[in-house]
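Each chain, letter by letter, is given below.
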Amino acid sequence: MYVAVKGGEKAIANAHKLLAEDRRGCPDVDELQTRQISEQLGLGVSRIMAEGSLYDKDLCALAMKQARGDMIEAIFLIRAYRTTLPRFSYSVPVDTSKMDIDRRISATFKDLPGGQILGPTFDYTHRLIDFTLEADEQVPKANTSEAGLDDDMPRVLDNLLKGEGLIQSEAVVEDEDSQAVGDLTREPLEFPANRDVRLQNLARGDEGFVLALGYSTQRGYARSHAFVGEIRFGKASLVIEPEELGFAIDIGDIELTECETVNQFQGSKTEPPQFTRGYGLAFGQNERKAISMALVDRALRARELGEDIVAAVQDEEFVLSHSDNIQSTGFVEHIKLPHYVDFQSELELVRRMRRDLEEKNISEKQAAE
Amino acid sequence: MTQIQSEYNFAYLDEQTKRMIRRAILKAVAIPGYQVPFAGREMPMPYGWGTGGVQVTAAVLAPQDILKVIDQGSDDTTNAVSIRQFFAKTANVVTTEKTTEATIIQTRHRIPETPLNEDQILVYQVPIPEPLRFLEPREVETRKMHALEEYGLMHVKLYEDISRHGHIATTYAYPAKVDGRYVMDPSPIPKFDNPKMNMCPALQLFGAGREKRIYAIPPYTQVTSLDFEDYPFEIQKWEENCALCGAEDTFLDEVILDDQGNRMFVCSDSDYCNDRQAQGHRGEANREDEMEAAQ
């Protein structure tokens, strides 16, 4: 007698055991410590924090370990954990001009107040495999300057370009304090979306997706002639003002990468020609993400700037609906779940249509004879 | 198991989130077939695995409920097992495979063959809640079309099917009009199941997690599958009966037996099929066995 497939529960439990075993790998090799991940794979941890939208290096390192290095899976673990956390308070806006700078460069000016601070970067390395890393290598200590940096590092766009009126001023809402900032994790995404929600979406968005869209603007799909006005990476302090206390409390530092782009704009009947701007921000160190985000942000301002919408990157429904890699990976991968019933329905229809056609051909043939 | 119970709230979601979802459900029930946006949360299973259904179930689930979870009509498919375990763990509710015992049934792609009653809630997992999505990709446009009851595009699509194939070529997720107003996507259930939604005594709730929409069919609501006077809506028919229980009026899954083209058909609703077999009904495959045993 035929017995329908049973035993799903047991099979799942066994699959999970096998997964745990594979994750651990060969037991002769030392188990990876999460501290090793957070200290030595820091850029990976940055990405998980940014797209998981949770600033917690230890937890993200653990997620990377549990996910066996699969970044999207690690981001997913963080998101699912984050969603259960209560909201104590919203911070006051972070002031990145007061950041403790590790790196700050501008591509638009050779030298500028505050200086070009290269910091830790791959930018000028030769991408040659360093075989000495196979063994425990000794890292020479980096030199530090005694001079120190300006506490108030001027911002290229706001402090250096704005004086002449060369750059668009960002519309600041008068009652900014009382104006609630949108939050995608608490309200559904609705269209048309405002810039706050767009930026939140991009900050959480998949690095590869945002990168490709940013790249497309450079290749002529809604080209906006972007220059990196400034990139800065460092630690910014996070301040909250609990209502019941009425004063500000510094609750700690977070590492941030910020990018502001300067983009061309033709001007209009009412506005003289001036540069426009795009903005990118990511947790930890991630310049690729911050630059890409700024390019896409600029492209998505087409409506606001009265530009024709001609490319995918300017289409906010297209961009915002597909940027989240947890949503995309879930829906793409779900087609490996059973679809017996739907497929059966299609099978039945195709067979019926083929039979109809066959009968029609036979009757036509008979009629011809 | 105990770890999850202590660290998370009843049925995983916090009470504020459940209240938000319940409000969306109430609105959905008040406007049958209308897609209510809700602030869907990230769940510990992937989008596409039924996060919308899981959130709706979590919001309506009470400790005394008896939960049944099916996928493709069966309680034993991997995803149904996983979701049932999730609620057994996080809500510690009694689970069942019997349609008649359950107070809440979460489903993916099927409606049980056993008719539902007034004390039951059927929760559907929905991938794409917008029936017009494949005709018009933009949300701003489709919401406008619903608001204006502008469903001509859908009828044109169905008409084009008929002129091209001689049939309406939609076999699952077949669009239906709820209470004479909103056209809705019944989720990818086969159109075979569409008539079961009409005047159903149970409350039917639809949750789309990734798309963040909830919609509902209140009990005893008219649900009409779209069709034309000269091409009336019809459901799938099989020449075969269920090989296990002999049922003539159920949705059948095709099971490939070998590489010689031999196959058999069995009920997709495993609980219904088992019930019938327990009552002594026999299909072809079982009868042969008994004859062999008798010899």
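Cut-offs and rules
The residue count restarts for each chain, going from 1 along the sequence in the order it is written. A letter from A marks each chain and a number from 1 marks each ligand, given out in the order of writing. The model is predicted, so local features are restricted to residues of pLDDT at least 70 and side-chain atom pairs to those at 80 or more, both for listing and for counting; the totals for chains, interfaces and linings are taken over all residues. Excluded from the side-chain calculation are hydrogens and water; included are all heavy atoms of the structure. What counts as a helix is a DSSP run of H or I of at least four residues, what counts as a strand is a run of E of at least two, and both are numbered from the N terminus. Only C-alpha atoms enter the radius of gyration, while the globule expectation follows 2.2 Å times N to the 0.38, with N the number of residues. Note on classification: 1.4 Å probe, protein chains only; a residue is buried when its accessible area is under 20% of the maximum for its type, exposed when over 50%, partly exposed between these limits. Contact between two residues is taken to exist if any of their heavy atoms lie within 4.5 Å; hydrogens are not considered. Here, Shrake-Rupley sampling with a 1.4 Å probe gives the accessible areas, and only protein chains in the shown set may cover a residue. Residues scored as positive are Lys and Arg, those scored as negative are Asp and Glu, and His as well as the terminal groups of each chain are ignored. For this purpose, a charge sits on NZ of Lys, CZ of Arg, CG of Asp or CD of Glu. Any Lys or Arg side-chain nitrogen located within 4 Å of an Asp or Glu carboxyl oxygen qualifies as a salt bridge. Identification of polar contacts relies on pairs of N or O atoms within 3.5 Å, with a donor-acceptor requirement for protein atoms, meaning one able to donate a hydrogen and the other able to accept it, and with residues adjacent in sequence counted only if both atoms are side-chain atoms. For every domain, the bounds stem from an assignment made automatically or drawn from a database. Note: buried area is the sum, over both parts, of the accessible area (probe 1.4 Å) each one loses when the two are combined. Axis definition: a line fitted to C-alpha atoms, limited for helices to the stretch in contact. Angles are taken between N-to-C directions and run from 0 to 180 degrees. Working definition: roughly parallel below 35 degrees, roughly antiparallel above 145 degrees, roughly perpendicular at 65 to 115 degrees, and oblique for all remaining angles. Buriedness for pockets is judged along seven lines, at least five of which must meet protein on both sides within 12 Å for an open set on the 1 Å grid over protein atoms alone, while cavities are sets there where a 1.4 Å probe fits but cannot get out, and lining residues have an atom within 4 Å of a point. Grid points are joined across faces, edges and corners, and a volume is the space filled by probe spheres set on the points. Gly falls in the polar group here, along with every residue not listed as nonpolar (Ala, Val, Leu, Ile, Met, Phe, Trp, Tyr, Cys, Pro) or charged (Asp, Glu, Lys, Arg). Patch definition: residues with relative accessible area over 30% and no salt bridge; like charges joined within 9 Å; nonpolar side chains (Val, Leu, Ile, Met, Phe, Trp, Tyr) joined within 5 Å. Strand pairing is assigned whenever DSSP identifies at least 2 bridges connecting the two strands.

### Brief notes about the overall build of chain A
Turning to step 1, where the next piece is worked out: Looking only at helices and strands, one finds 13 helices and four strands in chain A.
Turning to step 2, where the next piece is worked out: For chain A, the C-alpha radius of gyration of 27 Å lies well beyond 21 Å, the compact-globule estimate for 369 residues.
Turning to step 3, where the next piece is worked out: Counting across all 369 residues of chain A, residues that qualify as buried make up 40%.
Turning to step 4, where the next piece is worked out: Once local pairs closer than 6 in sequence are excluded, the contacts in chain A between residues at least 24 apart make up 65%.
Turning to step 5, where the next piece is worked out: Carbon and sulfur atoms make up 54% of the accessible area of chain A, which totals about 22,500 Å².
Turning to step 6, where the next piece is worked out: Of the charged side chains in chain A, 43 are positive and 66 negative, and the gap between their average positions amounts to 5 Å.

### Digging into the interface of chain B and chain A
Turning to step 1, where the next piece is worked out: The interface is formed by 63 residues belonging to chain B together with 48 residues belonging to chain A.
Turning to step 2, where the next piece is worked out: Summed over the shared surface of chain B and chain A, the result is seven salt bridges.
Turning to step 3, where the next piece is worked out: The interface formed by chain B and chain A contains 21 residue pairs in polar contact (both at pLDDT 80 or more).
Turning to step 4, where the next piece is worked out: Put simply, the parts of the chain that give the side of chain B that touches chain A at least two residues each are α4 (78-90), α5 (139-147), β11 (252-256), β12 (263-267) and α9 (284-294) of chain B.
Turning to step 5, where the next piece is worked out: Top contributing element to the side of chain B that touches chain A by residue count: α4(B), with six residues.

### Describing the domain arrangement of chain A
Residues and elements named next belong to chain A.
Turning to step 1, where the next piece is worked out: Each assigned domain of chain A is listed with its residue range as follows: domain 1 (2-82) and domain 2 (96-121 + 149-169 + 182-329).
Turning to step 2, where the next piece is worked out: Relative placement of domain 1 and domain 2: their C-alpha centres are 31 Å apart.
Turning to step 3, where the next piece is worked out: Contact between domain 1 and domain 2 buries roughly 1,400 Å² in total, counting both sides, with carbon and sulfur atoms accounting for 54%.
Turning to step 4, where the next piece is worked out: A salt bridge links glutamate 255 to lysine 57, with the nearest nitrogen and oxygen atoms 3.1 Å apart.
Turning to step 5, where the next piece is worked out: Ranked by the residues each element gives to the side of domain 1 that touches domain 2, the list is headed by helix α3 (residues 42-52), at six residues.

### Structural notes on the packing of helix α1 (residues 8-24) of chain A against α4(B)
Turning to step 1, where the next piece is worked out: The interhelical angle for the contact between α1(A) and α4(B), taken along N-to-C directions, is 80°, at an axis separation of 9 Å. With respect to α4(B), the axis of α1(A) lies roughly perpendicular. Each of Gly8(A), Glu9(A) and Ile12(A) in α1(A) lies in contact with α4(B), whose residues at this interface are Thr78(B), Val81(B), Ser82(B), Arg84(B) and Gln85(B).

### A short note on unusual backbone geometry
Residues and elements named next belong to chain A.
Turning to step 1, where the next piece is worked out: Along the chain, phenylalanine 191 connects to proline 192 via a cis peptide bond; the corresponding omega equals -5°.
Turning to step 2, where the next piece is worked out: Secondary-structure assignment places proline 192 in the loop between α6 (156-161) and α7 (195-204).
Turning to step 3, where the next piece is worked out: Of note in this structure, histidine 225 is not a glycine but carries a positive phi near 45°.
Turning to step 4, where the next piece is worked out: By the element assignment, histidine 225 lies in the loop between α8 (207-218) and β2 (226-240).
Turning to step 5, where the next piece is worked out: Taking relative accessible area as the criterion, histidine 225 reaches 35% and is therefore assigned partly exposed.

### What to know about empty space enclosed by the protein
All names here are of chain B.
Turning to step 1, where the next piece is worked out: Tallied over the full model, the rule gives two cavities of 30 Å³ or more.
Turning to step 2, where the next piece is worked out: Each pocket or cavity is described by its volume, and for the largest cavity that value is around 130 Å³.
Turning to step 3, where the next piece is worked out: Along the wall of the largest cavity there are 18 residues; nearest its centre are Gly48, Gly50, Gln125, Val126 and Pro127.
Turning to step 4, where the next piece is worked out: Contributions of two or more residues to the lining of the largest cavity are made by α3 (51-60) and β8 (203-208).

### Section: the layout of surface pockets
Using a probe with the size of a water molecule, rolled over the atoms, empty space left in the structure can be pinpointed.
Turning to step 1, where the next piece is worked out: Estimated volume of the second largest pocket: approximately 2,000 Å³.
Turning to step 2, where the next piece is worked out: Forming the boundary of the second largest pocket are 41 residues, of which His16(A), Gln66(A), Glu73(A), Leu77(A) and Pro44(B) lie nearest the centre.
Turning to step 3, where the next piece is worked out: Mapped onto the lining of the second largest pocket, the elements with two or more residues apiece are α1, α4 (57-66), α5 (71-82) and α12 (325-333) of chain A together with α1 (2-7) and α4 of chain B.
Turning to step 4, where the next piece is worked out: Its residues assigned to classes, the lining of the second largest pocket shows 23 nonpolar, 10 polar and eight charged.

### Focus: the pattern of salt bridges
Turning to step 1, where the next piece is worked out: Taken as a whole and judged by the stated rule, the model has 52 salt bridges over all chains.
Turning to step 2, where the next piece is worked out: Taking the shortest distance from any N to any O, the salt bridge between Arg79(A) and Glu42(B) comes out at 2.7 Å. Of this pair, Arg79(A) sits in helix α5 while Glu42(B) sits in the loop between β1 (36-37) and α3, on two different chains.
Turning to step 3, where the next piece is worked out: In this structure Glu42(B) comes out as buried when scored by relative accessible area, which is 7%.
Turning to step 4, where the next piece is worked out: Residue Asp275(B) pairs with Lys98(B) through a salt bridge whose shortest N-O separation is 3.6 Å. Linking Asp275(B) in helix α8 (residues 270-278) with Lys98(B) in the loop between β3 (94-95) and β4 (104-108), this pair joins segments that are 177 residues apart in sequence.
Turning to step 5, where the next piece is worked out: Ionic contacts of the salt-bridge type, sharing partners, join the residues Arg47(A), Glu51(A), Asp206(A), Glu207(A) and Arg288(A) into one network.

### A few points about a negative patch on the surface
All names here are of chain A.
Turning to step 1, where the next piece is worked out: On the surface, Asp100, Asp150, Asp151, Asp152, Asp250 and Asp253 cluster together into a negatively charged patch.
Turning to step 2, where the next piece is worked out: Relative to the helices and strands, aspartate 150 resides in the loop between β1 (100-105) and α6.
Turning to step 3, where the next piece is worked out: Classification of aspartate 150 as partly exposed rests on a relative accessible area of 42%.

### Overview of the side chain of Glu254(B)
Turning to step 1, where the next piece is worked out: Its place among the elements puts Glu254(B) in strand β11.
Turning to step 2, where the next piece is worked out: For Glu254(B), the side chain forms a polar contact with the side chain of Arg263(B), separated by 3.5 Å.

### A few points about the sheet that holds β1(A)
Residues and elements named next belong to chain A.
Turning to step 1, where the next piece is worked out: Strands sit in the order β1-β2-β3-β4 across an open sheet of four strands; the sheet is antiparallel. Looking at which strands have only one partner, the edges of the open sheet turn out to be β1 and β4 (276-283). Here the strands of the sheet are splayed against their neighbours by 20° on average, with no regard to which way each runs.
Turning to step 2, where the next piece is worked out: In this structure, β2 lies alongside strand β3 (residues 249-263), joined through 14 bridges in antiparallel fashion. Looking at the pairing, arginine 232 lines up with glutamate 258 of β3.

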